[in-house]
Amino acid sequence: MLVVAWILVILIFLFFFFSSIGKGKALLLEKNHLSDITLEDKFDSYSYDAEKIEDISVNCIDESLVIQHTDEPEISVVMYGGWEAQNEPKISFKNGILRIIQEASSDMYERLLVINLPATSVGENTNINVEHVEKDIVIKNIKINKLNAINKNGLIQIENIEAKNIFAKNNAGGIKILESNVEEINAETYTGAINLSGKANKLDAKSNSGSIETHYKTNFKDDCSFQTTVGSINLFLSKKSSFILDCSSLDSQIQNDFTETKTSGNLNQNVGTNPKHKIVVKTESGFVLVSKNV
């Protein structure tokens, strides 16, 4: 009987162990669709009165992160996936400052941290600083002053954001700043593609190994720079754009559809009427296309 009991204990342990792994995998699959989170693996949540937030600081190690607008009246921080007491983040909200810190853990569970922000709690005076290390960062549908998003591995995706300044830096992963209205964007990744769209006055994008692509229907109001070591650069700009193009490459092809020019090496041209601002494009190995956004 004792042997049978021990066998039952082992079987129960194995059942919960592999069930937990399965949940982790399910979470990983579902979080690829972060625009519509429907995760059932809810671990815990915290709610706060929707007072004005001046600063949001998130320093996380092991989980994916979403910061997004909510129609609910309260600020909430929700955790999904394989959390345990020893790796649960430390959360504090005091005097308009929301701070979240989660230390590294050695387990292999997938986790997701979601911060839901009502429109009444954030605005043009709110600053967000995310220093995230291992997984994806998604920030969407909010109006703020300044955003810093620094990642080591994983995607940085910023959607439908209105801000004065966005700084996004990644080590091994792409950066997407999509359909956002931003005065100044600085995006840099070592390995990964950069995709930008919406409205901006000034852009600075760098990728060591990865392409850069932009889609803008309004004119830039300041100088812009796009640089890759290995990777194509495709700039789709407003049909009514007016700029000074300063493009350099080693032997890659350069195509400027505004002036119907195809060449290689270097290209310096004025585009539009009375151009005042410069667009600098540099690549060592990659096709360059400057075209009209249709």
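In this report, we go over the structure that sits alongside the text. All figures in this text were calculated on a predicted structure; none of them were measured in a lab. (Residues numbered from 1 in each chain as written. Predicted model: local features only at pLDDT ≥ 70, side-chain atom pairs only at ≥ 80, totals over all residues. Heavy atoms only, no water.)

## A few points about unusual backbone geometry
For the record, the criterion: Secondary structure follows DSSP: runs of H or I at least 4 residues long count as helices, runs of E at least 2 residues long count as strands, and numbering of each begins at the N terminus. For the exposure calls, accessible area comes from a 1.4 Å probe over protein chains only, and a residue counts as buried if that area is under 20% of its type's maximum, exposed if over 50%, partly exposed in between.
Here Asn-95, not a glycine, exhibits a phi torsion of approximately 55°, which is positive. Mapping Asn-95 onto the fold places it in the loop between β5 (90-94) and β6 (97-101). Relative accessible area serves as the criterion here: at 64%, Asn-95 is assigned to the exposed category.

## With respect to the side chain of Gln-157
Under the convention used in this document: Only heavy atoms enter the contact rule, under which two residues are in contact if any of them lie within 4.5 Å.
Take Gln-157: it is sitting in strand β11 (residues 156-159). Excluding residues within four positions of it along the chain, Gln-157 makes contact with Ile-137, Val-138, Ile-139 and Lys-176.

## With respect to the side chain of Asn-151
As a reminder of what qualifies: Two N or O atoms form a polar contact when they lie within 3.5 Å of each other; inside protein one atom must be a possible hydrogen donor and the other a possible acceptor, and for residues adjacent in sequence the pair counts only when both atoms belong to side chains.
Position of Asn-151 among the secondary structure elements: in the loop between β10 (146-150) and β11. Within the structure, Asn-151 has its side chain in polar contact with the backbone oxygen of Lys-135 (distance 2.8 Å).

## Structural notes on the environment of Ile-233
With respect to the secondary-structure elements, Ile-233 resides in strand β17 (residues 233-237). With relative accessibility at 0%, the residue Ile-233 sits in the buried group. Residues Ile-233 and Ile-254, spaced 21 residues apart in sequence, show a C-alpha to C-alpha distance of 9.5 Å. Aside from chain neighbours lying at most four places away, what touches Ile-233 is Ile-212, Phe-226, Gln-227, Thr-228, Val-281, Lys-282, Thr-283, Phe-287, Val-288 and Leu-289.

## Some thoughts on the packing of aromatic side chains
Test applied: Between rings of Phe, Tyr and Trp, where Trp is taken as its six-membered ring, a pair exists when centres lie within 6.5 Å; planes separated by under 30 degrees are stacked, by over 60 edge-to-face, and by other angles tilted.
As enumerated under the stated definition, the model contains 3 aromatic pairs in all. Here Tyr-216 and Phe-220 contribute two aromatic rings whose centre-to-centre distance is 5.4 Å and whose plane-to-plane angle is 65°, an arrangement assigned as edge-to-face. Given the relative accessible area of 0%, Tyr-216 is considered buried. Owing to a relative accessible area of 12%, Phe-220 belongs among the buried residues under this scheme. On the basis of an interplanar angle of 90° and a centroid distance of 5.6 Å, the ring pair of Phe-243 and Phe-258 is categorised as edge-to-face. With Phe-243 in strand β18 (residues 243-256) and Phe-258 in the loop between β18 and β19 (261-271), this residue pair connects regions lying 15 residues apart in the sequence. By relative accessible area, which is 3% here, Phe-243 ends up buried.

## With respect to the pairing of strand β7 (residues 111-117)
Counted only if it meets this: Here, any two strands with at least 2 DSSP bridges between them count as paired.
Across the 7 residues that make up β7, a large majority, 7, are buried. Neither face of β7 is left uncovered, since the one carrying Arg-111, Leu-113, Ile-115 and Leu-117 and the one carrying Leu-112, Val-114 and Asn-116 both have all their residues buried. Looking at chain direction, strand β3 (residues 64-69) and β7 are connected through 6 bridges and run parallel. When the sheet's bridge partners are listed, Gln-68 is paired in β7 with Asn-116. With 6 bridges joining them, strand β4 (residues 75-81) and β7 adopt antiparallel strand pairing. Bridge assignment links Val-78 to a residue of β7, and that residue is Val-114.

## Details of the pairing of β4
Burial analysis of β4 places 6 of its 7 residues in the buried class, which makes it a mostly covered element. Across 6 bridges, the pairing between strand β1 (residues 42-48) and β4 is antiparallel. Bridge pairing links Ser-47 to Ser-76 in β4.

## Quick look at a negative patch on the surface
The condition is simple: Patch criteria: residues need more than 30% relative accessible area and no salt bridge. Like-charged residues are merged within 9 Å; nonpolar side chains of Val, Leu, Ile, Met, Phe, Trp and Tyr are merged within 5 Å. A 1.4 Å probe and the Shrake-Rupley method give the accessible areas. Residues count as covered only by the protein chains that appear here. By definition here, a salt bridge exists when the distance from a side-chain nitrogen of Lys or Arg to a carboxyl oxygen of Asp or Glu is within 4 Å. Charged-residue counts in this description rest on Lys and Arg as positive and Asp and Glu as negative, His and the chain ends being excluded. Lys charges are placed at NZ, Arg charges at CZ, Asp charges at CG and Glu charges at CD.
The grouping of Asp-49, Glu-51, Asp-71, Glu-72 and Glu-74 at the surface amounts to a negative patch. Here Glu-72 is to be found in the loop between β3 and β4.

## A word on the nonpolar core
For clarity, the cut-off: Remark: nonpolar core denotes a set of buried residues (Ala, Val, Leu, Ile, Met, Phe, Trp, Tyr, Cys) joined through side-chain atoms within 4.5 Å.
Within the largest apolar cluster, 60 residues are counted, with the highest numbers of intra-cluster contacts made by Phe-226 and Ile-279. Apart from residues no more than four positions distant in its own chain, Phe-226 is found in contact with Leu-203, Ala-205, Ile-212, Thr-214, Ile-233, Leu-235, Ile-279, Val-280, Val-281 and Lys-282. Within the second largest apolar cluster, 6 residues are counted, among which are Val-66, Tyr-80, Leu-112 and Val-114.

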